[in-house]
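# Examining the three-dimensional arrangement
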Protein chains: 4
Amino acid sequence: MSTQNPIFIPGPTNIPEVLRKAVDMPTIDHRSPMFGKILHPALEGVKKVLKSTQAQVFVFPSTGTGGWETAITNTLSAGDAVLATRNGMFSHRWIDMCQRHGLDVEVVDQSWGEGIPTDRFEEILTADTAHRIKAVLATHNETATGVRSDIAAVRRALDRAGHPAMLFVDGVSSIACYDFRMDEWGVDVAVTGSQKGFMLPPGLAIVGFSPKAMAAVEGAGLPRTFFDIRDMARGYAANGFPYTPPVGLLNGLKVATDMLLDEGLENVFARHHRIAEGVRQAVAAWGMTLCAARPALYSDSVSAIRTPDGFDANRIVSHALNTYGVAFGTGLGDVAGKVFRIGHLGMLTDVMALSGLATAEMVMVDLGLPVTLGSGVAAAQAHYRHSAGQACRRAA
Amino acid sequence: MSTQNPIFIPGPTNIPEVLRKAVDMPTIDHRSPMFGKILHPALEGVKKVLKSTQAQVFVFPSTGTGGWETAITNTLSAGDAVLATRNGMFSHRWIDMCQRHGLDVEVVDQSWGEGIPTDRFEEILTADTAHRIKAVLATHNETATGVRSDIAAVRRALDRAGHPAMLFVDGVSSIACYDFRMDEWGVDVAVTGSQKGFMLPPGLAIVGFSPKAMAAVEGAGLPRTFFDIRDMARGYAANGFPYTPPVGLLNGLKVATDMLLDEGLENVFARHHRIAEGVRQAVAAWGMTLCAARPALYSDSVSAIRTPDGFDANRIVSHALNTYGVAFGTGLGDVAGKVFRIGHLGMLTDVMALSGLATAEMVMVDLGLPVTLGSGVAAAQAHYRHSAGQACRRAA
Amino acid sequence: MSTQNPIFIPGPTNIPEVLRKAVDMPTIDHRSPMFGKILHPALEGVKKVLKSTQAQVFVFPSTGTGGWETAITNTLSAGDAVLATRNGMFSHRWIDMCQRHGLDVEVVDQSWGEGIPTDRFEEILTADTAHRIKAVLATHNETATGVRSDIAAVRRALDRAGHPAMLFVDGVSSIACYDFRMDEWGVDVAVTGSQKGFMLPPGLAIVGFSPKAMAAVEGAGLPRTFFDIRDMARGYAANGFPYTPPVGLLNGLKVATDMLLDEGLENVFARHHRIAEGVRQAVAAWGMTLCAARPALYSDSVSAIRTPDGFDANRIVSHALNTYGVAFGTGLGDVAGKVFRIGHLGMLTDVMALSGLATAEMVMVDLGLPVTLGSGVAAAQAHYRHSAGQACRRAA
Amino acid sequence: MSTQNPIFIPGPTNIPEVLRKAVDMPTIDHRSPMFGKILHPALEGVKKVLKSTQAQVFVFPSTGTGGWETAITNTLSAGDAVLATRNGMFSHRWIDMCQRHGLDVEVVDQSWGEGIPTDRFEEILTADTAHRIKAVLATHNETATGVRSDIAAVRRALDRAGHPAMLFVDGVSSIACYDFRMDEWGVDVAVTGSQKGFMLPPGLAIVGFSPKAMAAVEGAGLPRTFFDIRDMARGYAANGFPYTPPVGLLNGLKVATDMLLDEGLENVFARHHRIAEGVRQAVAAWGMTLCAARPALYSDSVSAIRTPDGFDANRIVSHALNTYGVAFGTGLGDVAGKVFRIGHLGMLTDVMALSGLATAEMVMVDLGLPVTLGSGVAAAQAHYRHSAGQACRRAA
């Protein structure tokens, strides 16, 4: 692997130069006023990216997994029921975490490649007249399968059922990549990390809590200290942290949200869609299909591409790394060996995307798959040419 | 505050150039073999720094506080009894965490400035014939008071009492600063972070588990997922991590342990002692005293300096920052306003230390304290001259 | 232009991460012994890259142009005759410099796209029985046209003519890219810079002087102080410099030569050839031709590609920059508007090269040129696949 | 030597973090419009720092020595007479350069420690009724002796003599450190470098040419190409450079001038004076004297401190480096072994300065000089306390 080539794993992403420099800070006194000037703009920036005016944002030195734990331990008690779908590795892991924390998870299994079954959710919630279910867990973007679920529809399911459960959304690989509307969709806890749409190195769990979720905190019986948002809130109120904050990453988060908001969130989303669509055109040109069952589920962050039956998709990933120094993502869990993944989130350019597609073509031909060199690249070029032209005309 | 001046908070420390560059990495594929080549040497390096051949080392994207939570949640169950002393803010916080996780903490309160009362521990452990106490918590270096406790003596107390409790040590501000002997002292869980003796930015909890602590993991009833060392161990065995690893910090940890081991741990400790002793000579020259009750308790990582009755010590810290751009540590908890702290851990030179002392003198004179300009500097210079000379002669 | 995309100008090149970090140094005392530990290995490394055991290497804070001036002012006097070919912008500029310094330049004009006419040189040198010609100037790689000349043949011309003139070679865009043999070819002054094969930022002129060139120094009448190699030699002998040295760039040069020699010069050259050949396959697939008149002249550093008559080649360069954020090189001088250039020197990977080719295709289609999307990419992929496979087999 | 300690050589200076990051750039296309957006603000910034509205500024990949060569070769012809004083190593070197370029230098030797003898200059200029003297060379700050000369007085000498000679000023270690008024003083060529008041790594010669100097360019007979400002001017007019520009350093220069102008030049000068005055108070407390003959000549950039007769001052520099890892400057030329130098230019803080003084004290005591530990530090502290207080009051 060469650090000169772009990376096509579905996060951590390629880190823009300006963000590397923002993170690489000399030590400052995190108990001095300098720290507040980093922390608060970072928190405010995240709030805007979440499209929320009401949320309280908390940032932990941790990862998205820590963000999930923050969500459940601050709002729930052992024995509480939660509703969730398992449609990929990351939704599976969140369910597993809930079970290990003694929650009673009602799991709706979906085939991997499907999204959240909102009709089924509505039935279950409607049937739960006792309101045993305290929270609904939704993975917005299943990174393992490249599936985007419809969070607005999950909200509608709750509303139609007249159910008061909280809505927790794993937006790790959606937030800052495509549209996320915390307030409009009534999301109670939104979870993400630093290393996806925020384009930073890993090391931060980023969560937003709605007023309703905040109200649940005092009654929550699950033990927590490191992830207790009450300590965090008290720290923030005093321009501090309950323990040593990761100052450099927080400074990076401040700069990253500035970058995203300066570009304009809708432009960021359009850019992700544009790059993703080029990748999908290439996949079609190769005669291959996505793991995601239908276009409505296609993710603009990552594409999981099915390989022919009997072919071990992991060979693509290892051959790409060993022969061409390029990193793609392997399939995980149920789709291990059946898909390989191209991450296309963060500050990717057309040019970078094309180099990934060109590499994938060489790899697949090397391994005997019936792909024509240049075919996917040409399809993506046609898309990028067209859409770049549009962008230019708009800019003119 | 100027980022050009050295920093004198008791961690995070000044970061050596080579470590800043080691941390500031482009993204690599953390599921590729490149990652194992970073992870395993880092873990091995930490093990050597802990002076352990038996421990299993785990590193989390977190902080020392997360390391405490790792220690207790992986080994204990709600209702378990633990024994601890409260002799400063950090020992207090660990006790608080235990209580919030439902442990039954037998607290021995000490005046702040004292160390762990090992005689009293021995009495309590001897009296606990039912072996209700499952773990003894010991803060090796109380960062709040600049007190070093005697961990070997805690081990002797356990041994004399014939008590099987595990020994958990918070070595956040001692490990890699002064002598720590995990195996010899029978430490079962050692906890530290990246931002003290390892001289890195904050963001890592680093823990070592003895075989005895490992044996307790399956029976531990406290819920945990993010901090579950079983997931972590499975990840490491596959050259991976259970979630996205903080690759840059891990690379920094690899390079930091190389630096420490290349210098030689005993030389690292001698260097810390030398710098600390100069600071103490300056304090004496100022006619002031340390918070630590007697020389045997003096910490080589941080000195907490008592200010005269009726004087608010925090004024020193804020004046130093505002007027001279230098960061010292404030007093915390019981000693807030009564002490200010000079951190002298990490890769500090004589020259840097002298600039901190010179600044403290200006500040104290500015604020009307009866200190003579140059007096502490001269005392420290005399010490550094003498000891630098020795070093030179040894090298010759 | 995005700093995320690779750059395809014929130097400065993309800078490897490790070299950026080597250059970005804190200030050290350049009169201390630390400096010698940077300087001398850098000079020794350059000597090996020049394949010379006899040369003295000098490095100036300057550029290749300063290197030319170093060559002539240290060896020649006003009125001296020199022999040179003009076959591109850079050979033209060197000639211009000689004329401005009062030298009598015998210019052999060649059409741009041709190399050095060694037969004609032999005739001229043979005819110069009075040995008026003191130096022969040879541009090894004409960066403007992508033409590689045959320096060994220039040496043969000198030898056959029995002519004692010195041989000065501009190797700015050949040295460390493809084969250069200072001693074997009897090169008397070799000139290069930091920003091409050495992959560093611009800022250094790097020259090697043969014993014969050194012998000419005292008699040289052209005035010089900044570029006087006698001052430089005295400085080096005392581990210093005659003025403030560019320490960071010199440290980069040390690390760059280590990288090149660790890889092995022949491997470096093979890598350049391999990448260049893929680009040439793409050009052929586009139905286009190089500016270089025939394969023996094809440069492995840069390809200048002819565009159809009546088409302004500069439009390709500006459109690529404005629409896709990618930098190619424009044509210069006689071939301005007639060619565009793809630089492929330095640490370029297959993957980076393919992204440049894919971009060039989009640009040319956008501008109405009869190029098929994906065609050049496919041709290059076929070459890279094949040659990567060979590399793998060799490595296995 | 430790890169953690501040450096006290009289340039290159300690480099502020933001400037290191500004210089450390990925490669951009220097023929693209991006380059003009770096170049022109840098040139404009320099012009403001020179306090000139009329000058044309040129920046070369070179050093201050190259700046001298630019001054003379672009304006003079072999045989031209120039007037200069030799009062230190740098004025000596400029004279030497002139002689090596065939100029007829009328040298007024001064004892080292004295400034430019403006009365004597006036006599010579008055006597030169034929106006043979084409240029007067003035070293504003003799870095070797820590002497500041009075450039306004040199201008008065020219004016009183009614002499049309141009005035060339070496401001390498004065510009951006203390007051420099190109237009008001009628300076025709001002010369400096990147590594002193601009706080950047070495690698740039920076020159300003007055309209009068520009008018001399076409008639200047000295050969030059690399340093020919006509090529440079043509390049700038086309947003380019006549050869490969050092883009990162130019970007650093842009940011450095922004920093200086944002702080305010008068504040920058006051800061330098304040720090320098503290150093001078320390020297007095040590019972030592400066090389500069009287206070009017004291430099705010560097202090050269005389050591007792019979004591080799170089021992201070080597002992400081070897024992304490701190770099001071040695004496050069006539004052070699008789002085050591403390550089205090650039972004130095009180705290950094005090650490240098504390080190010097230890070194001198180690070497048996009759200096009292802490004495100089105390004197400087008293000054910094007082002046820091004033700064605070002004800010309040």
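Quick caveat: nothing in here was measured; it's all calculated off a predicted structure. (Residues numbered from 1 in each chain as written. Chains lettered and ligands numbered in written order. Predicted model: local features only at pLDDT ≥ 70, side-chain atom pairs only at ≥ 80, totals over all residues.)

## Remarks on the nonpolar core
Val136(B) and Val136(D) are the most contacted members of the largest nonpolar core, which totals 279 residues. Residues in contact with Val136(B), not counting those within four places in the same chain, are Leu83(B), Phe121(B), Val154(B), Leu158(B), Ala165(B), Leu167(B) and Phe168(B). Of all hydrophobic cores here, the second largest spans 278 residues; its members include Leu103(A), Ile175(A), Val207(C) and Met232(C). (Core = buried A, V, L, I, M, F, W, Y, C linked by C-beta atoms within 7 Å. Buried ≥ 20, exposed ≤ 12 C-beta atoms within 10 Å, placed from the backbone. Contact = placed C-beta atoms within 7 Å.)

## Points about the relation of the copies chain A and chain B
For the pair chain A and chain B, the best superposition has an RMSD of 0.0 Å and corresponds to a rotation of 180 degrees with a translation of 0.0 Å parallel to the axis. Put plainly, the chains are arranged around a two-fold axis. Minimal C-alpha distance to the rotation axis in chain A is attained by Ser62(A), lying at 2.6 Å. (Least-squares fit on C-alpha atoms with pLDDT ≥ 70 in both.)

## A few points about the interface of chain A and chain B
Listed as interface residues are 46 residues of chain A and, on the opposing side, 46 residues of chain B. Looking at the side of chain A that touches chain B, the elements that each hand over two or more residues are α3 (64-73), α4 (89-100) and α9 (247-263) of chain A. Among the elements that make up the side of chain A that touches chain B, the one with the highest residue count is α3(A) (four residues). Broken down by class, the residue content of the side of chain A that touches chain B amounts to 21 nonpolar, 19 polar and six charged. (Helix = DSSP H or I, 4+ residues; strand = E, 2+ residues; numbered from the N terminus. Nonpolar A, V, L, I, M, F, W, Y, C, P; charged D, E, K, R; others polar.)

## What about the UniProt feature "binding site: substrate" (unreviewed entry) in chain A?
Residue and element names in this part refer to chain A. The feature "binding site: substrate" (unreviewed entry), as annotated in UniProt, sits at Arg341 in this numbering. When the 27 C-beta atoms within 10 Å are taken as the criterion, Arg341 is described as buried. With residues near it in sequence (within four places) discarded, Arg341 still touches Pro10, Gly146, Val302, Ser303, Ala304, Phe328 and Gly329. (UniProt positions renumbered as here; feature names shortened; annotations may be inferred.)

## Some remarks on the packing of helix α12 (residues 350-366) of chain B against helix α12 (residues 350-366) of chain D
The N-to-C vectors of α12(B) and α12(D) enclose an angle of 115 degrees; their axes lie 8 Å apart at closest approach. Considering only the axes of α12(B) and α12(D), their crossing is right-handed. Seen from α12(B), the contacting residues are Val351(B), Met352(B), Leu354(B), Ser355(B), Ala358(B) and Thr359(B); seen from α12(D), they are Val351(D), Met352(D), Leu354(D), Ser355(D), Ala358(D) and Thr359(D). Looking at the contact of α12(B) with α12(D) residue by residue, the class counts come to eight nonpolar, four polar and no charged. (Axes fitted to C-alpha atoms, helices over the stretch in contact; angles between N-to-C directions. Left-handed = near helix turned anticlockwise from the far one by under 90°.)

## Details of the sheet that holds strand β11 (residues 329-330) of chain D
All names here are of chain D. Spatial ordering of the open sheet is given by β10-β12-β11, a layout of three strands whose pairing is antiparallel. Both edges of this open sheet fall to β10 (302-306) and β11, since each of them pairs with a single strand only. The pairing of β11 with strand β12 (residues 339-343) spans two bridges and is classified as antiparallel. Counted as the bridge partner of Thr330 is Phe340 from β12. The strands touched by helix α10 (residues 265-285) within the sheet are β10 and β12, with β10 carrying the most contacts at an inclination of about 10 degrees. (Pairing = 2+ DSSP bridges.)

## Remarks on the UniProt feature "domain: Aminotransferase class V" (unreviewed entry) in chain A
Within this numbering scheme, the UniProt entry marks residues 29-331 of chain A as carrying the feature "domain: Aminotransferase class V" (unreviewed entry). Taken as a whole, residues 29-331 of chain A contains 41% helix and 17% strand, while its terminal C-alpha atoms sit 43 Å from one another.

## Digging into the sheet that holds strand β4 (residues 133-139) of chain C
Two modes of strand pairing occur in sheets, parallel and antiparallel, and in both the strands are linked by backbone hydrogen bonds. All names here are of chain C. Spatially, seven strands are ordered β1-β9-β8-β7-β4-β2-β3 in an open sheet, and the strand pairing comes out mixed. Of all the strands in the sheet, just β1 (56-61) and β3 (104-109) have a single pairing partner and so form its edges. The mean inter-strand angle of the sheet, taken between neighbouring strand axes irrespective of direction, is 20 degrees. Two strands pair when backbone bridges link them, and strand β8 (residues 189-193) and strand β9 (residues 204-209) are joined in this way by five bridges, in the antiparallel orientation. The residue of β9 that forms the bridge with Val189 is Phe209.

## Things to note about the pairing of β4(C)
Residue and element names in this part refer to chain C. With seven of seven residues buried, β4 lies mostly within the body of the structure. Of the strand pairs in this sheet, β4 and strand β7 (residues 166-170) are connected by five bridges, and their pairing is parallel. Each residue of the ladder has a partner; that of Val136, found in β7, is Leu167.

## A closer look at helix α2 (residues 33-49) of chain D
Residues and elements named next belong to chain D. The end-to-end C-alpha distance of α2, which contains 17 residues, comes to 25 Å, matching closely the 24 Å that a straight helix rising 1.5 Å per residue would cover. Turning to α2, the residues buried within the fold contact β1 (56-61), β9 (204-209), α8 (229-237), α9 (247-263) and α10. Once α2 finishes, Lys51 follows within two positions and takes phi at roughly 55 degrees, a positive value. (Expected span 1.5 Å × (residues − 1).)

## Concerning the domain arrangement of chain A
Where interface size is quoted, it is often the accessible area lost as the parts come together. All names here are of chain A. In terms of domains, chain A is made up of domain 1 (17-262) and domain 2 (265-395). Look at where the C-alpha atoms of domain 1 and domain 2 centre, and you get two points 28 Å apart. Across the boundary between the two partners, domain 1 contributes 24 residues, which contact 24 residues of domain 2. Sorting the residues of the side of domain 1 that touches domain 2 by element identifies α4 and β6 (147-148) as the ones contributing at least two each. Class assignment of the residues belonging to the side of domain 1 that touches domain 2 gives a composition of 10 nonpolar, 10 polar and four charged. (Domains from an automatic or database assignment.)

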